[in-house]
Amino acid sequence: MTETKKEEITKYIVISSDKVLPSDAAMKIYESEFPVTVKETCFGLIVSGAKDDIQTVVEKIRQLDKNHIFVKDRGFPPGDERRCRASRGGGPRPGFHFLREEVELLPAIGAALDELEAKEHVTEKCKTKCRLKTSDLEKVIEEELAR
Amino acid sequence: MSFLAKVFIYPLNSLILADLVERFGHKPLTMMSQIREKVTSLSLDSPPINITPEDPKLGLKYAAIEVPAGVRGRMALIGPLIEQTEAAIIVENPPTNFGCVGCNRTNELTKYLVRSKGVPVLEVKYPESNEEARDFVHKIAAFLESLPKEKPEEDENAKEDQPTEKEDKR
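Draft legend 1. Quick look at the overall build of chain A. Secondary structure assignment for chain A yields 5 helices and 4 strands. Listing the helices and strands of chain A from first to last along the sequence gives β-α-β-β-α-β-α-α-α. Seen through its principal axes, chain A has C-alpha atoms that stretch 70 × 40 × 25 Å. Here chain A holds 147 residues, and 29% of them are scored as buried.

Draft legend 2. Expanded view of the overall build of chain B. The number of helices and strands found in chain B is 7 helices and 4 strands. In sequence order, chain B lays out its α and β elements as β-α-β-α-α-α-β-α-β-α-α. For chain B, buried positions account for 32% of its 170 residues. In chain B, the share of contacts with a sequence separation of at least 24, taken over all contacts with a separation of at least 6, comes to 59%.

Draft legend 3. Representation of the pairing of strand E2 (residues 37–40) of chain A in the model. All names here are of chain A. Looking at chain direction, E2 and strand E3 (residues 44–50) are connected through 4 bridges and run antiparallel. The residue of E3 that forms the bridge with Glu40 is Leu45. Taking the residues that link successive antiparallel strands as the turn, the E2-E3 hairpin has 3 residues.

Draft legend 4. Representation of the environment of Pro68 of chain B. Structurally, the position occupied by Pro68 of chain B is in the loop between helix H3 (54–59) and helix H4 (69–84). Put simply, Pro68 of chain B and Arg105 of chain B are 37 residues apart on the chain and 9.3 Å apart in space, counted from C-alpha to C-alpha.

Draft legend 5. Helix H5 (residues 134–146) of chain A, seen in detail. The terminal C-alpha atoms of H5 of chain A, which comprises 13 residues, lie 18 Å apart, in line with the 18 Å expected from a rise of 1.5 Å per residue. Little of H5 of chain A sits inside the fold, with 0 of its 13 residues counted as buried.

Draft legend 6. View of the pairing of E3 of chain A. All names here are of chain A. Burial analysis of E3 places 5 of its 7 residues in the buried class, which makes it a mostly covered element. As defined by bridge partners, strand E1 (residues 8–15) adjoins E3 across 7 bridges and the pair is classed as antiparallel. Bridge pairing links Glu8 to Ala50 in E3.

Draft legend 7. Up close: the environment of Leu99 of chain A. One can find Leu99 of chain A in helix H4 (residues 96–121). A residue is classified by how many C-beta atoms lie within 10 Å of it, and Leu99 of chain A, with 21 of them, is buried. A sequence separation of 69 residues divides Leu99 of chain A from Tyr30 of chain A, and the C-alpha atoms of the two residues are 25 Å apart. Aside from chain neighbours lying at most four places away, what touches Leu99 of chain A is Phe43 of chain A together with Leu15 of chain B.

Draft legend 8. Spotlight on the interface of chain A and chain B. In this complex, chain A contributes 27 residues to the contact, which on the side of chain B involves 27 residues. Going through the elements one at a time, strand E4 (69–74) and H4 of chain A are the ones with two or more residues in the side of chain A that touches chain B. It is H4 of chain A that contributes the most residues to the side of chain A that touches chain B, 13 residues altogether. For the side of chain A that touches chain B, the per-class residue count stands at 15 nonpolar, 5 polar and 7 charged.

Draft legend 9. Spatial organisation of the sheet that holds E2 of chain A. Spatial ordering of the open sheet is given by E2-E3-E1-E4 (chain A), a layout of 4 strands whose pairing is antiparallel. Strand pairing shows two members of the sheet lacking a second neighbour, E2 and E4 of chain A, which therefore form its edges. The sheet shows a mean angle of 20° between the axes of neighbouring strands, direction not considered. Here helix H1 (residues 15–23) of chain B sits on the sheet and contacts E1 and E4 of chain A; the angle it forms with E4 of chain A, its principal contact strand, is near 105°.

Draft legend 10. Examining unusual backbone geometry more closely. A cis geometry characterises the amide bond from Tyr10 of chain B onward to Pro11 of chain B, with omega recorded as 5°. If you trace the backbone, Pro11 of chain B turns up in the loop between strand E1 (6–10) and H1. If you check the backbone angles, Glu33 of chain A has positive phi at about 60° while not being a glycine. Among the secondary structure elements, Glu33 of chain A is positioned in the loop between helix H1 (22–32) and E2.

Draft legend 11. The sheet that holds strand E4 (residues 121–125) of chain B, seen in detail. Residue and element names in this part refer to chain B. Reading across the sheet, the 4 strands line up as E2-E1-E3-E4 and stay open at both edges, with parallel pairing between neighbours. A single partner strand is all that each edge strand has here, and the edge strands are strand E2 (27–29) and E4. Geometrically, the sheet is characterised by an average inter-axis angle of 25° between neighbouring strands, direction not taken into account. Relative to E2, E1 is paired through 3 bridges, and the arrangement is parallel. Of the residues in E2, the one forming a bridge with Phe8 is Leu29.

About the criteria used
For every chain, the first residue of the written sequence is number 1, and numbering continues from 1 onward in sequence order. Chain A is the first chain written and ligand 1 is the first ligand written, with later ones labelled in order. Where local features are concerned, this predicted model is filtered to residues with pLDDT of at least 70; where side-chain atom pairs are given and counted, the filter is 80 or more; whole-chain, interface and lining totals use all residues. Helix and strand assignments follow DSSP, with helices taken as H or I runs no shorter than four residues and strands as E runs no shorter than two, numbered in order from the N terminus. With C-beta atoms placed from the backbone, the exposure class of a residue follows from how many other C-beta atoms lie within 10 Å of its own: 20 or more, buried; 12 or fewer, exposed; in between, partly exposed. Contact definition: two residues whose C-beta atoms, as placed from backbone geometry, lie within 7 Å. Here the rule is simple: two strands pair whenever DSSP picks up at least two bridges between them. One less than the residue count of a helix, multiplied by 1.5 Å, gives the span that helix is expected to have. Basically, the charged four are Asp, Glu, Lys and Arg, the nonpolar ten are Ala, Val, Leu, Ile, Met, Phe, Trp, Tyr, Cys and Pro, and anything else, Gly included, counts as polar. Angles here are taken between N-to-C directions and fall from 0 to 180 degrees, while the axes themselves are lines fitted to C-alpha atoms, restricted in helices to the stretch in contact.

By themselves these figures say nothing about function.
Structure, rendered in structure tokens:
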């Protein structure tokens, strides 16, 4: 047993973006030709493969819309009989409920990350009360219209 | 990939917290990594039954024998994470608390152990509106940026050496 097996990991890529769809992200992974398994889901993707490959792939996908694409680890590999709905007679798999609750919060978290990033670029000049900037007002209107 | 600090998150399986911690360059200590070891380890005889005789013994380190077995079983997974903790983010009032994080006694014990460990702890509430989400992200970002920037190299090296030793024994 001198041959060491590469560590296999699985990650969720949860997409809460207006620009990127799960199918776009999946296509991007197929184009990259990394030897990883991709499963498209309603909330995003499940990717599984060697640790280095997955980290590279995940970073590439995140760059598509970095404040609106979220990533977390998954313990079970995709299609695992102990978790897969196909072998458990349907219904949401254990662990999905919490993910679903958090997915509802992601647009707000993404907007907060956008704001945080914008603040890093533009140092806040006035900390006292000041007039609302037209650019900020435009942003608010656009967000409201996009709903 | 080198991380700055190992950050314990509560709820242990939170997507938002795990992502934010990783986004700011730290390593989240999550239940998923512990579960992965359990379900993919070749040393398990019957993988659907994921408990080994060693697990209850490990759980006894954190909870007494009269404590329900579920608490000890969970602590067998969560306890090693608490030992590695260098900082912690505890989010109160999570929207759902069931599944692997569904035991309230375990959750209380976990939070108690983390708080009494003496590491920097950030306690926030789960956001319910856009304004709260903004505060939530800003607080977490400020906390993660305030953590020490140096990374002890020995820990990483020691961890990498361990699996090779095990393989040699087999």
